[in-house]
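# A closer look at the structure
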Amino acid sequence: MQLIFYPHPTLRHVSKPLRRVDAQLRQMITQMFEIMYEHEGIGLAANQVDLPYRVFVLNLTGDPNEKDAEMVFINPVILRRKGTVEESEGCLSLPEIRAPVPRFQTVVVTSYDLKGREFTMEASGLAARAIQHEIDHLDGVLFIDRLSPSQLREIRDQLEALERKFAEQQSAGMIADSRRIAARIAELEAVRT
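The text that follows walks through the structure, step by step, so that each part is easy to find. (Residues numbered from 1 in each chain as written. Predicted model: local features only at pLDDT ≥ 70, side-chain atom pairs only at ≥ 80, totals over all residues. Heavy atoms only, no water.)

Along the protein chain, the regular secondary structure elements total four helices and five strands. Helices and strands appear in the protein chain in the N-to-C order α-β-β-β-β-β-α-α-α. The C-alpha extent of the protein chain, read off along each of the three principal axes, is 45 × 40 × 30 Å. The contacts in the protein chain between residues at least 6 apart in sequence include a share of 66% that link residues at least 24 apart. Carbon together with sulfur atoms contributes 49% to the accessible area of the protein chain, which is approximately 10,100 Å² in total. (Helix = DSSP H or I, 4+ residues; strand = E, 2+ residues; numbered from the N terminus. Contact = heavy atoms within 4.5 Å. Areas by Shrake-Rupley, 256 points an atom, 1.4 Å probe, with all protein chains shown as cover.)

Pairing analysis gives four bridges linking strand β2 (residues 55-58) to strand β3 (residues 71-91), with the strands arranged antiparallel. Looking at β3, one finds that Val 55 is bridged to Ile 74. In the sheet, β3 pairs with strand β4 (residues 94-112) via 14 bridges, with the strands oriented antiparallel. By the bridge assignment, Glu 87 is partnered in β4 with Val 101. (Pairing = 2+ DSSP bridges.)

Locating Asp 145 in the fold gives a position in the loop between α2 (126-138) and α3 (149-171). Those residues in contact with Asp 145 that lie beyond four places of it in its chain are Arg 12 and Gly 140. Here the side chain of Asp 145 touches Arg 12 through a polar contact of 2.4 Å, side chain to side chain. (Polar contact = N/O pair within 3.5 Å; in protein donor to acceptor, adjacent residues only side chain to side chain.)

A few words on the layout of surface pockets. Its boundaries defined by the atoms lining it, the largest pocket holds a volume of some 530 Å³. What lines the largest pocket is a set of 23 residues, among which Gln 2, Leu 3, Ile 4, His 8 and Ile 175 lie closest to the centre. Of all elements in the fold, only α3 and α4 (178-192) reach the threshold of two or more residues within the lining of the largest pocket. The leading source of residues in the lining of the largest pocket is α3, at four residues. Of the residues in the lining of the largest pocket, the class split is 14 nonpolar, five polar and four charged. The calculated volume of the second largest pocket comes to roughly 420 Å³. Forming the walls of the second largest pocket are 21 residues, and the residues nearest its centre are Ile 42, Gly 90, Cys 91, Leu 92 and Arg 98. Contributing elements (two or more residues each) for the lining of the second largest pocket: β3, β4 and α2. Per element, the largest residue contribution to the lining of the second largest pocket is six residues, and it comes from α2. Among the residues making up the lining of the second largest pocket, the classes are represented as eight nonpolar, seven polar and six charged. (1 Å grid on protein atoms, 1.4 Å probe; cavity = no way out; pocket = protein on both sides within 12 Å on 5 of 7 lines; lining within 4 Å. Points joined across faces, edges and corners; volume = space filled by probe spheres on them. Nonpolar A, V, L, I, M, F, W, Y, C, P; charged D, E, K, R; others polar.)

Moving on, we get to the sheet that holds β2. If you trace the five strands from one edge of the open sheet to the other, you get β1-β2-β3-β4-β5, paired in antiparallel fashion. For this open sheet the edge positions go to β1 (43-45) and β5 (118-124), each flanked by a neighbour on one side alone. Across the sheet, the axes of successive neighbouring strands diverge by a mean angle of 40 degrees, strand direction being ignored. (Axes fitted to C-alpha atoms, helices over the stretch in contact; angles between N-to-C directions.)

Moving on, we come to the nonpolar core. In this structure, Ile 29, Leu 44, Val 55 and Val 57 are the most contacted members of the largest nonpolar core, which totals 20 residues. Taken together, the elements giving at least two residues each to this core come down to α1 (23-38), β2 and β3. Among the elements that make up this core, the one with the highest residue count is α1 (eight residues). Once you skip the residues sitting within four places of it in the chain, Leu 44 turns out to touch Leu 3, Met 32, Ile 35, Met 36, Val 49, Phe 56, Val 57, Leu 92 and Glu 134. Among the nonpolar cores identified, the runner-up in size contains 15 residues, and Ile 97, Ala 99, Ile 144 and Leu 162 belong to it. (Core = buried A, V, L, I, M, F, W, Y, C linked by side-chain atoms within 4.5 Å. Buried < 20%, exposed > 50% of the residue type's maximum accessible area, 1.4 Å probe, protein only.)

This part takes up the pattern of salt bridges. Summed over all chains, the structure comprises 14 salt bridges. Between Glu 70 and Lys 67 there is a salt bridge, with the nearest N and O atoms lying 3.4 Å from each other. With a relative accessible area of 23%, Glu 70 lands in the partly exposed category. (Salt bridge = Lys/Arg side-chain N within 4 Å of Asp/Glu carboxyl O.)

Interpretation in functional terms is not warranted from these geometric data alone.
Right, here's the structure in full:
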């Protein structure tokens, strides 16, 4: 398992809900936290590690020693939204790119935890922003999709550099072609969802 980068096709895949929590999922979650910390993030969605599942992890402190701050969201759904705020946002799958993104200031989300228990929480500030960002990932949406045309122009060179690097890695056989990626995703979905 490793972090994937824009414009990898899995980042645009709409993730499928999971039907069970088992040892394999718990191991995936552990690895997701490790990758998130390795890349100094506060959140990571499954499709950012090339998995088609509706799950993400958060630790708003970004500190691997703060285990009490770790949160797992399985099959999350935002129930209510309130207020709006625009703040700078980035993404581990789009390294070194930041831009102001409008988000709801407060959200109420329902989800399942690693014990398979449903929970509901209200989040605001950074927690609300992170939850919305990660749920966007699960829907195949990137923060750059929420930018204005002028904001996109400002980061166009950085996006094109990532696109060139991805194409070079595919040409070199370091990353599978899009057809094989799609087949792998379909196979993983059939096994777990």
